[in-house]
Each structure stands twice: as C-alpha cells, then as structure tokens.
Amino acid sequence: MGRFIFKRAASLVLTLFAASFLVFAVTEFSPSNVARKTLGPFALQSQVDILYQKLGLHDPLAVRYSRWLGVLLGLKADPLQDPALGLQFKDPRGDKYFGNFGYSTLYKAPVNDVIWGRLKATAALAGIAFALIVPLSLVLGVLAGMREGSGLDRTISIFGIVATSVPEFASGVFLVALFVVGLGWLPGTSPLDAGSGWPIWTQMVLPVAVLVLYDSGYVVRMVRGSMAEVMNKPYIRTAILKGLPMREVVVRHAVRNAMIAPFTVILLQINFLISGVVVTEMVFAYPGFGRMILDASLFGDIALIEAATLIALTIAILTQLVSDVGYAFLNPQIRLA
Amino acid sequence: MSAAVDSSFQTPAPAGRDLLVLDHVKVEYVSSLGAVTAIPDLSLTIRAGESYGLVGESGCGKSTLLMAILGYLGPTGRIANGRIVFDGMDVTKADAAALARIRGRGVSIVYQDPNAALNPTLTIGRQLAEVPMLHEGLDGASARARARRILTDVHLPDPDAVMDRYPHQLSGGQKQRVVIAMALLANPKLLLLDEPTTGLDVTVEAAVLDLVNELREKYGTTLLYISHNLGVIAKVCDRVGVMYLGDLVEEAPVEELFARPRHPYTRRLLACVPRLDSDKHTTTFLPIPGQPPSLGSRPRGCSFGPRCAGFEPQRCGMAPIAEEETDPGHAVRCVRWRELDQFESRDKEHVAPASPSAEKVLEAIDLSKVYELGNAFFGFSSARQLVANEDLSFDANKGEILAIVGESGSGKSTFARILAGLQDASGGKLRVLGEDLSRMPASRRTMEQLAAVQMVFQNPDATLNPSHTAGFSIGRALRKFGIARSRKEIDSRVRDLFAMVRLSPHLARQRPGRLSGGQKQRVAIARAFAGDPKMLVADEPVSALDVSVQAAIVNLLLQIQARRGATIVFISHDLALVRHLADRVVVMYLGRVMEMGPVASIFAPPYHPYTEALLAAVPVPDPTVKQKHLRLEGEPPSPINVPAGCRFAARCPRKVGAICDNTPPPERDAGGGHMIACHIPIEELKAVTPIFSADPGQVS
C-alpha cells in the first residue's frame, strides 16, 4: 500500500510539472503581452516596453518557466511585486513563500486572494449537485436497467437522452423563464451576495438544477447500461433460480456488480463539476472557478491560469486515486488478485 | 446398486411415484418475426429417486427443457401447450410466489459454467447461506453452519476458509462443488444438472461425477442430468432420453440404450463416439450427414428425416412420428426401427489411415520454456518462475500423428506455440525438417518454413476474421505463400481446397458468421493446408464441436493426412479420441513428459501412475465396461515454483517415498519405444491390472 501511494504521489508531481510547463508554452501564442495587459490600454508604448524589459519577458521560455517555478516554491521573490516597478502590487503574505502563485494581473490582487474564494463557491455548487446527481442517477439507472425494455426503462431512458442533449444554457434560460420571470419564486442571477434581497440558498437552486438535469441524464444512461448487462449474467439467473424474490436479486446480487463499471465515470463528474461548468456560471453570473479560468485565459493572466490548472489537475488526480481504491473495494477480483 | 438399476427398468416404477411429469409440452420463442418452436411436443416422466439422463447435441432443446421445468424461459420464451407437473403442481400455471417456492426448494440446478454461475462480488459463505435463510427462515448463524456442513459434504477441504473466499479465488472444480452444494442446500426433491462437467479437466470431472453419485445415495435426490457426453451419461444415469431438434426420439434404461440403440440418430451418435477399445485402423467414425435444420425450418414428419439414411418420404415425411415401445421401458420414435440393420451399417466408408515412414521430421531436444514472473522494475527478486515446458525430448516421423495429452496447465499448448513460432523457447532445440526453430519467431521464418508448419486452433470462431469471407482467408494464404497469383488461379485452388474439406464451393463467399462451427473448422483446416504443410499442429481442434461434427472432422483429418502425408501434432485432453487417431502419444504433466510411446502401449500396462489415473477418469460410453476406480486427490497444482523431484509426486497415488519429492524420476524403457518417467521399476508397473475390462454379464 505504501508503495502504491508513493508511486501515485510521484506521478502526481510529474504530471503537475508537465502540465504547468505546457500551459506556459501555450500562452506564448496568445496575442497581446502581459506588460500591456498589466498597464492597461492607455499606457504609453515606452512604458510597456520598460515593464517588458524589467519583467524579463524577452528571456527564453525555459528561463521564464523556471523563474515562475522558483516563485511558486518560495525560492525567488515575485518580480511583479518589486516596488521598483511602481505597480503597487502587494501581497500581505510577503513576496517569497511556498505556494506563491504570483500576482493576478487581471484582478490586480494576489492569486491566492482570488482563487480560493472562487474555488469555494464552485465547490459548494458542485458538492450540492454531486450529492443529488449520484443517488438520483443510481436509483433511476437501476430501476431502468432492472427490466430492460419495460415501460419504466423506456421512460427513464428517454428522460436521460433529453436531459443530456438539452444544452445547459437552454435549460438555464428555460428554468429562469419559468421560476424567475413566470412565478417569481427565485432570483435570476446568483452572485452569492445576500445584499440582493434573496437569501444565498435561493440563489443556488437554479444553477444546481441545471447541472443536475444535464449531468444525471448522462450518468443514468451509464448506470442503466451496466445494470441491464448485469441482469443478463448467469449469476443473476442463479440467484433467481435459488428462489430469491426479485427485490433481493436486485439489491443483493445485481446492484453492487452494476456499480463497478460506472463508478469511475461517476467520479469523473467531480472534475467536470469543478472546472467544466463555465456555461452555467455564465448564465447565472455565478462567481465560480470555471468562469474565472475563462476570464483569465481571455486576458492572458498567466499566473492565474497556472494556479487554476494546478488545482484542477490535483483534484482530477485525487479523484482518480479515490476511484481506483473504490474500484478495488467494489471488485474483489481486483482487491484480492 | 446394480439391483436398483436393473429393477428400475425391468418392472416400471416400483422405486417411486412420478415426481416430474411433462405432458405434451410445447415451448416456443416469440420474436418480432413470429414464433419459433423449440420443443414441439414432448412427454416425459421422471420417477422419484431415479437418475434420468438427457443426451443430445447443441441446439436440441435440452437446456430449454430445463428452463421450462423451472418456469424460467426469459421474456421471449413461453410454454404454448401442455403441462409440466412437478410434485403434483403445474409449473406452467404457477404464479411468481409459487414459482419461488418450487425454485431452490423443490427443484434446483447445477450449471454448465461454474465460473459464471457464482456472483463475483459476494463471498461463497453469503451466497450459500442465503438459501436456507430464504427457504427455511434460518438466522444468519445457523444458515452459515448449514452451509459449512454442506461444503464438508461436497468434500471441499477447509470449508471455513472457502466460506470467506470469493469465487475467483477457487479453481474451476472447487467452484463446481460450491454450485452443487448450493443446489443441495435446501434439500431439493429434484436436482437438474446442465452439463456440469463440461469444461473441467477429466480427473476433476470424474471426481465431480463420483460426488454426484455419492450425494444422490445420501440424500435420495432425483436427478435430471443433461449432457452431450454419452460417457458421462453412462456413468451417472439409470434411464436415458435422446433428444433431437426438440423431440425425444428414444428413451430406454441406460444399458439397454447403449446395447440396443433403436433410433438411427442414437445409432449414429454412438458410432461417432471414440471408444477406448478401437482405433483408426479398425473403426471409422460414421458421421451424420448434413447439419440439424434451424428451429424455424423444422421438417415435416420425422425431424431427423433429412439426415437419415433410411428416409422414406411416404412413411417418414408426412406426419409426426408416434412413440412405439420396442421392449419394456424402451420407446423409440421411428417407423422403421425394425428395419434399422437394412440401412444402417457401422463401417460404410472406411478411411485408410496413413502409414508413417521412418523419416524424422520433428525433433525436440531438451526443449524448455520458463517464464520469469515478478516485478523486475522495483528490483524485487524474480524468484518466481513458471515452468511451462521442461526438457521435452521426443520426435515425430513423416506421416505420423503424434498426440500430446495432459490436463490444463500441462504445457501442451506452450509446446504448440513454440512449434508454430508464436513463442520462443528458453532452452533446448526444436528441429523441424532438420532446422532448429526453437528460437525462431514466425516473423523471422522464411516463407517455406512458415508454409511447412501450420496450425489449427480449438475455437474456429476466433480464428477466422469475421469481416472476411472464408474464400478470402484461404486466398490470402495462397498468395502469401506464392502458390497462386492470378485471381483465376486462386479461385480454382480455393475450389480445390473446399472440395478437399468437403464444403460446397459457394460457401467461399460467406463470412464466418454465417457458417456453423463444423464448417468453420473445415475452413480453418483448408486454410492450414493451403500452403501444403509438412506438419500440422492441431491444438484441440475438435473439442469445441458436437460429437457428430467431431467425428466428421476427425475422418477428414485422417483422409487429408493419408493423401498428403503430413505429420500431425495433435494436442488434446480427450484420451478416447487420442486412442482413435494417434500413432504415438506423449503424456505431459506440469510441463514434463511423464510417459510416451506407441498408442497401444499407453493404453495398456505398464502405465505411468498419472496415465493410469487419467485412464481411470475417462468417461466410457459403455455401461458394461468395468473401469478401475482410481481418483487423484486435489487438482493439478500451479506450475509456479514446481517441486524439485517428480512433478506428479504431490498427487501420485503410488508415491514411493521422499525420493519422489527430491529426485527427478529416471526415464525407464519399457520396450518398443515406450518410455515411463517414474521411480517405480517397470516390472512393478507391469503388475497392475488393466484399467478397463469388458464384462457384459453384470454391471459394476
């Protein structure tokens, strides 16, 4: 077990290196430059050139990458915080500490001040949505796959297909039209700001609903497929011909086997919910992580993009770890090979 | 026991009341294309306490019948007519609750594939204990105690440990014992066995059959045993029914059926079964022409009519054939059963086997294959070795059939793979036509070397590319070996090859999906002979086929071999088949040669103790043959980290002492090219009684 953890940790670090370097390299090709973006459109070209010079942006890619890495590991001071630049970028944590993601040129604040709040907001959204998606899709998927071709199966399958194929912006607009414009029960935007007159929880309802609809349609179909396959296995016939009632056959013999295949897919939804829900966040003006990544990418805020990439990757690799361990737990053939 | 068997057919039904009555049962499968009849009209009575066997080839409706008895035909199947009365209750009219009471408690079933029949995510203990908890309302602890007791009854060593294991941690034979235990837990009145030993090794099969017989006596359970294997049926059943295309064509007590088969199908079936007292020189299999029609195109009148040599349209092809009683307890559905001898003969087309020459074409010298296991990356020791082949030394002459026999894990397929160049040997030499091919993978062999050694595999479904036509596969081999180039030339060669394997040429344009198993194997043989090989490696080429198809393929192989003079390395676990077609036999166990010699010498004393046990386990399709009772303990051990001495020492019933564990056995010469690797001297091995003795006067 210790070896397993060590191997996984090593591969995590390696992946993080590779990914952060790739992001660095790719942002090279974005049109404008950081100096211009930092100083704004009204700065003189000569000022931009000076900043460009001072930041060492003409250095080769590898040099700049190692500089960024040094800042992150707390080995080097963040060049943007140098008072000599006159930018007045100040990090209350100091300019040299481990985990210093640098200064966001977009938000004009340390990345660490921006990113965690955004992540928390998205985690709340994702957590609630995930907590609803999993039981809902398991129940519906098992009910549908239990009797392939039955009326219930067809109904649930059609629901699944419709729910997945309606894009988030469409279902978002539809729900807004119904509950905000029509009934006036819920707020149309979710800035997570109690000052708007709506309690925070009411602001969560619609974004969560959109995510649950969209994502559970997909997961339901996965679970249904796996369940239908398991119900055709000879050991289910064994259970039925033992004289077990259908309920016990399903609960004791089928469900656990039917969970094995979709388990990985279900955990992958966490990644989607953390960084892939840009559309929902845009529709509801939700101050989330996905939207922040989009803004940062459009602006070319490399420090923020790098930080977001590293966080998203870490989450992805951790869920993969959980899914491997859980897979082994569900499947004794892996656990006790 | 013999008295019970005799009385049950001499005077009908003294043993018990009727436990299961099938009365004009008709089973259909309904699809969007309409209804297809699987069983048209079947009546059958099984009395309490008897053991009834149903034989028939695949697709004859045996399994459908079992599922109908259990009321489990799936969403498409239905019982369209008739009654199935079990213990006074009509299964066809039972509701879900009544069915649940019958299943498990009244009728339980042992399945063909124990690997699939057990739930992979539940421990054995849980799967067993839920039966008494359900049927008898026992609490968890007493249910487990019951489960433990039944595991002891099926002779599983260390039942407590088995209860905590998952199915994948048990061997195939152990799993089948668990399935049998599960079926017996609720003490059912009727036990259905659906090919319970198919896929198990022969020694394991024999032990499972012993167990079935033993448990039957202990619990008095009535058995309905279905199998395609007549030898197995002869071993465990009192009465036998023969099924063909959903019809029960013949029914008789077991000795009666084997001694006096009255239906042409039964006769042919028996003539297709390899026997241990005859071989290719004395007997030729008599295959059944054609193939069974699909269920949708059932012939009028006698269902066997289109394939029967004695078919007379006026008498056989008009109306369904009625059942006639020929002797007490012996019923047959054939209007011509009195005239059978006029149109059925044993040796119609005699196949003259090839006679081997003295030219050596294959020579294995100390050939070994060792797999190093273990994680080399982290520097952990690679002390684990899997010895698949060790010091194999034997040879084969031109035109000879050399059989390699042994149970799973004996390394026979590894040898075949080295010979075909699919794997490298790790030591020794393998000379084919004088050239050493032991470390010559197929990719490095010359065209001549490739063409010289060709293979036919066990599973024809997996060998032929499903997206190419049969003719294309053969044509490609012809092109590759440079035998034919132009389209015309290739087409004519393909036609010749198809004629050689007796396939109609229009099948060359079919994809494998539209061919039957036997046809596919014929295509595979035609492909192998496309390059005119000097040597054919046949790895279990007929073990996935029905016995009548197997007979035809074996005849075909013998014919082609006689004409082409090729050497055949025939790998098989079926000793009766090997007895029929081999010239010489190599017996392997855990990667080593235990015994080898001319075929007749292998099947008579002196035996190697392992060969002796194998022969004692063979199911003989003749209830009058007496077979010595000899069973091996346990199952073949894993080939990882094998013992230093004799490989067979751990299971050997004639183990001499510590010398067997520590010293490799000497290769003793028993004369006439017969070698036995054993510490026991030849004289002593000679002194054993033969395994088989025909004794028509009485039953064992």
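Analysis parameters
- Residues numbered from 1 in each chain as written.
- Chains lettered and ligands numbered in written order.
- Predicted model: local features only at pLDDT ≥ 70, side-chain atom pairs only at ≥ 80, totals over all residues.
- Heavy atoms only, no water.
- UniProt positions renumbered as here; feature names shortened; annotations may be inferred.
- Helix = DSSP H or I, 4+ residues; strand = E, 2+ residues; numbered from the N terminus.
- Rg over C-alpha atoms; globule rule 2.2 N^0.38 Å.
- Buried < 20%, exposed > 50% of the residue type's maximum accessible area, 1.4 Å probe, protein only.
- Contact = heavy atoms within 4.5 Å.
- Areas by Shrake-Rupley, 256 points an atom, 1.4 Å probe, with all protein chains shown as cover.
- Lys, Arg positive; Asp, Glu negative; His and termini not counted.
- Charge placed at Lys NZ, Arg CZ, Asp CG, Glu CD.
- Axes fitted to C-alpha atoms, helices over the stretch in contact; angles between N-to-C directions.
- Parallel < 35°, antiparallel > 145°, perpendicular 65-115°, else oblique.
- Left-handed = near helix turned anticlockwise from the far one by under 90°.
- Nonpolar A, V, L, I, M, F, W, Y, C, P; charged D, E, K, R; others polar.
- Phe/Tyr/Trp six-rings, centres within 6.5 Å; stacked < 30°, edge-to-face > 60°.
- Lys NZ or Arg CZ within 6 Å of the ring centre and 35° of its normal.
- Pairing = 2+ DSSP bridges.
- Polar contact = N/O pair within 3.5 Å; in protein donor to acceptor, adjacent residues only side chain to side chain.
- Salt bridge = Lys/Arg side-chain N within 4 Å of Asp/Glu carboxyl O.
- Domains from an automatic or database assignment.
- Buried area = accessible area lost by both parts, 1.4 Å probe.
- Expected span 1.5 Å × (residues − 1).

Chain B is annotated in an unreviewed UniProt entry as ABC transporter ATP-binding protein from Alsobacter soli. The record held by UniProt for chain B lists under Subcellular location (unreviewed entry) the comment "Cell inner membrane". In the Sequence similarities (unreviewed entry) part of its UniProt record, chain B is described as follows: "Belongs to the ABC transporter superfamily."

Going by what an unreviewed UniProt entry lists, chain A is known as ABC transporter permease and is assigned to Alsobacter soli. Within the UniProt record for chain A, the comment given under Subcellular location (unreviewed entry) is "Cell membrane". UniProt lists a comment for chain A under the heading Sequence similarities (unreviewed entry), and it reads "Belongs to the binding-protein-dependent transport system permease family."

**Student:** Pulling in residues and values, what's your account of the overall build of chain B?
**Tutor:** The secondary structure content of chain B amounts to 26 helices and 26 strands. Against the 2.2 N^0.38 benchmark of 27 Å for 700 residues, chain B shows a C-alpha radius of gyration of 26 Å, consistent with a compact globule. Referenced to the eigenvectors of the C-alpha coordinate spread, the extents of chain B come out at roughly 70 × 65 × 55 Å. For chain B, the residues scored as buried account for 56% of the 700 residues in total. Sequence separation of at least 24 residues holds for 68% of the intrachain contacts in chain B that already meet a minimum separation of 6. Split by element, the accessible area of chain B, about 27900 Å² in all, is 51% carbon and sulfur. Computing the positive centroid from 79 side-chain charges and the negative centroid from 77, chain B places the two 6 Å apart.

**Student:** Describe the overall build of chain A, naming the residues involved and giving the relevant values.
**Tutor:** In terms of regular secondary structure, chain A is built from 14 helices and two strands. Per-residue burial over chain A gives 46% buried out of 337 residues. When contacts within chain A are restricted to residue pairs at least 6 apart in sequence, those whose partners lie at least 24 apart make up 65%. Here chain A has roughly 16400 Å² of accessible surface; of this, 70% comes from carbon and sulfur atoms. Computed over 27 positive and 20 negative side-chain charges, the separation of the two mean positions in chain A equals 10 Å.

**Student:** Tell me about the packing of helix α20 (residues 517-528) of chain B against helix α21 (residues 547-564) of chain B, and please be specific about residues and values.
**Tutor:** Residue and element names in this part refer to chain B. At a minimum axis separation of 10 Å, α20 and α21 run at an interaxial angle of 15°. What the angle tells us is that α20 and α21 run roughly parallel. Classified by chirality, the crossing of α21 by α20 is right-handed. On α21, the residues that touch Gly518, Gln521, Arg522 and Ile525 of α20 are Val549, Ala552, Ile553, Leu556, Leu557 and Ile560. Taken together, the residues that form the contact of α20 with α21 break down as seven nonpolar, two polar and one charged.

**Student:** Please provide a residue-by-residue account of the packing of aromatic side chains, values included.
**Tutor:** Scanning the entire structure with this criterion turns up 11 aromatic pairs over all chains. Joined through ring pairs, the aromatic side chains of Phe21, Tyr65 and Trp68 of chain A make up one cluster. Between the NZ or CZ atom of arginine 579 of chain B and the centre of the ring of phenylalanine 603 of chain B, over which it lies, the distance is 5.5 Å.

**Student:** Which residues make up the pairing of strand β6 (residues 107-110) of chain B, and what values go with them?
**Tutor:** Residues and elements named next belong to chain B. Judged by which residues are buried, β6 turns out to be covered on both faces: Val107 and Ile109 on one side and Ser108 and Val110 on the other are all buried. With four bridges connecting them, β6 and strand β7 (residues 190-194) associate as parallel partners. Bridge pairing links valine 107 to leucine 190 in β7.

**Student:** Could you give an account of the side chain of arginine 239 of chain B, naming the residues involved and the relevant values?
**Tutor:** Residue and element names in this part refer to chain B. Examined against the element boundaries, arginine 239 turns out to sit in strand β9 (residues 239-244). Overall, the relative accessible area of 9% leaves arginine 239 in the buried class. One polar contact links arginine 239 to glutamate 50, side chain to side chain, over a distance of 2.7 Å. Setting aside residues no more than four positions away along its own chain, arginine 239 makes contact with Thr45, Ile46, Arg47, Glu50, Ser51, Tyr52, Gly53, Glu251, Ala252, Pro253 and Val254.

**Student:** I'd love a proper account of the sheet that holds strand β17 (residues 435-436) of chain B, names of residues and values included.
**Tutor:** Residues and elements named next belong to chain B. Read from one edge to the other, the open sheet built from four strands follows the order β14-β13-β16-β17, with strand pairing classed as antiparallel. One side of each edge strand has no neighbouring strand; the edge strands of this open sheet are β14 (385-397) and β17. Where strand β13 (residues 360-372) and β14 come together, nine bridges link them in antiparallel fashion. When the sheet's bridge partners are listed, valine 370 is paired in β14 with valine 387.

**Student:** Would you mind going over unusual backbone geometry in detail, with residue names and values included?
**Tutor:** All names here are of chain B. Cis peptide bonds are those with omega within 30 degrees of zero, and the linkage from proline 605 to proline 606 qualifies with 0°. Mapped onto the elements, proline 606 comes out in the loop between α23 (599-602) and α24 (609-617). In this structure, aspartate 158 is a non-glycine residue whose phi angle is positive, near 55°. As for its position among the elements, aspartate 158 is in the loop between α6 (140-153) and α7 (159-163). A positive phi angle, near 50°, is found at leucine 433, a position not held by glycine. In this structure, leucine 433 sits in the loop between β16 (427-432) and β17.

**Student:** I'd like a rundown of the pattern of salt bridges, residues and numbers included.
**Tutor:** Residues and elements named next belong to chain B. Inspection of every chain in the model, using the stated rule, returns 46 salt bridges over all chains. One salt bridge connects arginine 17 with aspartate 87, and the closest N-O pair in it is separated by 3.0 Å. Taken together, the residues span a long stretch of sequence, with arginine 17 in the loop between α1 (2-10) and β1 (18-31) and aspartate 87 in the loop between β4 (77-86) and β5 (89-90) at a distance of 70 residues. Residues glutamate 256 and arginine 260 are paired through a salt bridge, measuring 2.6 Å at the closest nitrogen-oxygen approach. A residue is classified by how much of its surface remains accessible, and glutamate 256, at 7% relative accessible area, is buried. Taking the relative accessible area as the measure of exposure, arginine 260 reaches 41% and is therefore partly exposed.

**Student:** Describe the UniProt feature "domain: ABC transporter" (unreviewed entry) in chain B, and please don't skip the residues or the numbers.
**Tutor:** Annotation from UniProt places "domain: ABC transporter" (unreviewed entry) at residues 19-270 and 362-615 of chain B. Annotated as residues 19-270 of chain B, this span is 40% helix and 29% strand, and its ends, taken at the C-alpha atoms, are 30 Å apart.

**Student:** Describe the UniProt feature "transmembrane region" (unreviewed entry) in chain A, with residues and values.
**Tutor:** Residues and elements named next belong to chain A. Within the UniProt annotation, "transmembrane region" (unreviewed entry) is assigned to residues 123-146, 158-186, 198-220, 260-287 and 307-330. End-to-end, the C-alpha atoms of residues 123-146 are 33 Å apart, and along that stretch the chain is 100% helix and 0% strand. Between the C-alpha atoms that bound residues 158-186 the distance is 28 Å, and the span itself is 79% helix and 0% strand.

**Student:** Lay out the domain arrangement of chain B in plain terms, naming residues and giving numbers.
**Tutor:** Interface size is often expressed as the accessible area that is lost when the parts come together. Residues and elements named next belong to chain B. When the domains of chain B are assigned, the result is domain 1 (19-237), domain 2 (264-343), domain 3 (398-586) and domain 4 (604-694). The distance between the C-alpha centroids of domain 3 and domain 4 comes to 31 Å. Counting residues at the interface gives four residues for domain 3, matched by six residues for domain 4. Carbon and sulfur atoms make up 69% of the area that domain 3 and domain 4 hide from each other, which totals about 500 Å². At the boundary of domain 3 with domain 4, the tally comes to one salt bridge. Here arginine 651 and glutamate 407 are joined by a salt bridge, their closest N and O atoms 3.9 Å apart. Taken together, the links from domain 3 to domain 4 amount to one residue pair in polar contact (both at pLDDT 80 or more).

**Student:** Lay out the pairing of β9 of chain B with the relevant residues and their values.
**Tutor:** Residues and elements named next belong to chain B. With six of six residues buried, β9 lies mostly within the body of the structure. Side-chain alternation along β9 places Arg239, Gly241 and Met243 on one buried face and Val240, Val242 and Tyr244 on a second face that is also buried. In the sheet, strand β3 (residues 51-55) pairs with β9 via four bridges, with the strands oriented parallel. Of the residues in β9, the one forming a bridge with tyrosine 52 is arginine 239.

**Student:** Lay out the environment of arginine 315 of chain B with the relevant residues and their values.
**Tutor:** Residues and elements named next belong to chain B. For arginine 315, the position within the fold is in helix α13 (residues 313-316). On a C-alpha basis, the gap between arginine 315 and cysteine 302 in space is 9.2 Å, while along the polypeptide they are 13 residues apart. Those residues in contact with arginine 315, other than ones at most four positions away along the chain, are Ile321, Val335, Arg336 and Glu339. At a separation of 3.4 Å, a polar atom in the side chain of arginine 315 contacts the main-chain carbonyl oxygen of valine 335.

**Student:** Explain helix α9 (residues 202-219) of chain B to me, and be specific about the residues and the numbers.
**Tutor:** All names here are of chain B. Taking 1.5 Å of rise per residue, 18 residues should cover 26 Å, and α9 covers 26 Å from first to last C-alpha, within 8% of that figure. Every buried residue belonging to α9 is among Val202, Thr203, Val204, Glu205, Ala206, Ala207, Val208, Leu209, Leu211, Val212, Leu215 and Arg216, and all of these are buried. At the C-terminal side of α9, glycine 220 shows a positive phi close to 65°.

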